[in-house]
Amino acid sequence: MMKRRIPRNCCHNPPCSWQTAARSAISFFLFVVCILTSCSPVIGDDGNFNEQAIEIADYGLFDLGVADINNDDRLDIFTVNHSGRQSLMQNNGSGTFSDVFSAWKMDQDHQFPGLVVRPKEPQADQPGLYISWVGPRLRVRARQLDPEKPVSGRIEVLSPIKVTDTEYFEVKVTSKELPAKVTHSIIEFSGVKDGYFTFEPLIHALPIEFHFDAALSAENIYIGPNLISPVSDNFAIQMRDRHGTAWADFNNDDRMDVFITRGGLRGTMENVPLDFWDELLLGTPNHPNQSVKGHRKNRKLAWN
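Quick look at the structure, then. No experiment lies behind these values; they were computed from the predicted model shown. (Residues numbered from 1 in each chain as written. Predicted model: local features only at pLDDT ≥ 70, side-chain atom pairs only at ≥ 80, totals over all residues. Heavy atoms only, no water.)

### What about unusual backbone geometry?
- Positive phi, close to 55°, is recorded for Lys105, a residue that is not glycine.
- Locating Lys105 in the fold gives a position in the loop between β6 (97–99) and β7 (128–134).
- Even without a glycine there, the phi angle at Lys193 is positive, about 55°.
- Within the secondary structure, Lys193 is located in strand β11 (residues 182–201). (Helix = DSSP H or I, 4+ residues; strand = E, 2+ residues; numbered from the N terminus.)

### Concerning the environment of Asn251
- Counting through the fold element by element, Asn251 comes out in the loop between β15 (242–248) and β16 (257–262).
- Here Asn251 is in contact with Asp257 and Leu282, once residues within four sequence places are set aside. (Contact = heavy atoms within 4.5 Å.)

### Description of the sheet that holds strand β4 (residues 76–80)
- The sheet built from four strands is open, its strands ordered β3-β4-β5-β6 with antiparallel pairing. Across the chains shown, the open sheet's two edge strands, defined by having one partner strand only, are β3 (63–67) and β6. Neighbour-to-neighbour, the strand axes of the sheet open up by a mean angle of 20°, direction not taken into account.
- Strand direction decides the pairing type here: strand β5 (residues 88–91) and β6, joined by three bridges, are antiparallel. By the bridge assignment for β6, Met89 is matched with Asp99. (Pairing = 2+ DSSP bridges. Axes fitted to C-alpha atoms, helices over the stretch in contact; angles between N-to-C directions.)

### Topic: the pairing of β4
- Counting buried positions along β4 yields five of five residues, so the element is predominantly enclosed.
- Both faces of β4 are covered, namely the face carrying Asp76, Phe78 and Val80 and the face carrying Ile77 and Thr79.
- For β3 and β4, the ladder comprises five bridges, and the chain directions are antiparallel. Each residue of the ladder has a partner; that of Asp63, found in β4, is Val80.
- Where β4 and β5 come together, two bridges link them in antiparallel fashion. Bridge pairing in β5 places Ile77 opposite Met89. (Buried < 20%, exposed > 50% of the residue type's maximum accessible area, 1.4 Å probe, protein only.)

### Comments concerning the pairing of strand β8 (residues 137–143)
- Both β7 and β8 contribute to a ladder of seven bridges, which runs antiparallel. If you follow Tyr130 over to β8, its bridge partner there is Arg141.
- Between β7 and β8, which pair antiparallel in sequence order, lie two residues; one of them, Gly135, sits at a positive phi of approximately 65°.
- Pairing of β8 with β11 involves four bridges; the strand directions are antiparallel. Considered in β11, the bridge of Leu138 is made with Phe199.

### Description of the side chain of Asn91
- Relative to the assigned elements, Asn91 resides in strand β5.
- Residue classification places Asn91 among the buried positions, given a relative accessible area of 15%.
- Of the polar contacts made by the side chain of Asn91, one reaches the backbone oxygen of Leu75; its length is 3.0 Å.
- Within the structure, Asn91 has its side chain in polar contact with the backbone nitrogen of Gly93 (distance 2.8 Å). (Polar contact = N/O pair within 3.5 Å; in protein donor to acceptor, adjacent residues only side chain to side chain.)

### Points about the nonpolar core
- Residues Ile131, Ile155, Ile208, Phe210, Phe212, Phe235 and Ile237 are the most contacted members of the largest nonpolar core, which totals 37 residues.
- Contributing elements (two or more residues each) for this core: β7, β8, β9 (151–157), β10 (161–178), β11, β12 (208–212), β13 (221–223) and β14 (234–237).
- Looking at which element gives the most residues to this core, the answer is β11, with five residues.
- Discounting residues that sit within four places of it in the chain, Ile155 has contacts with Val140, Ser185, Ile186, Ile187, Phe189, Phe197, Phe199, Ile208, Glu209 and Phe210.
- Core analysis: the second largest hydrophobic core is formed by 13 residues, Ile69, Phe101, Met106 and Trp247 among them. (Core = buried A, V, L, I, M, F, W, Y, C linked by side-chain atoms within 4.5 Å.)

As far as function goes, none of this settles anything; it's purely spatial.
Laid out in structure tokens, this is it:
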């Protein structure tokens, strides 16, 4: 059974009265306040509401709503956070919720679950090279590397970039203008010891390619807070700038699916010579979601 999302605009067809519009707006506002203050009302035995703490991801919050994602007749909570960490809070039926976002295989970069734009850098304890988002900036940090064997390589992205800080790393940025005012930026870097450098792409929801030399094996490269190593020393990461989600049983198999829209790269998507798509994740028996590619971008999403 499909559960209706909280609408962005209550005045669908047929038209509703201003009283209905006002009540819907007030209800939605109270729901948002409740979520952002991490309070979930739970009805007690006396018929009154009691506050229940819920930890949800609110960094970069863009959209939120409720749906019965697992057909257990309990409303669950989801958030959409641009390229930040999202929440998918499954209702346990006791006033508590469990975040099943990664377990349902909904991470933005399926190669590196947990890699998202986040406010803090993950801890780096083991020798190696760490790559993670710190706010809108990407940081490359060396940890306990052999000072006699510098790590070097290059990073490529189709966006203007700015190196914001560096220590024990030599960094050189070159840019080439492509047709339609698209910028191809290349960072060449070399560093040793416990050095790092940080750079900020103007548009971060694009593939960012990494190419390392032979001095560093892939098993000593750690991506994101889950410290996942790539399969080779040449790889790419990508955020998707998710804007909205809609839950429904799209293929009539009695399992909930989800359609996810993305942003338009600040209006430059048509100029970038890459393929982009919204996402349709289909519910499956063994793995809750698998991706089916669509095309084009769609900033907004709502039920009719």
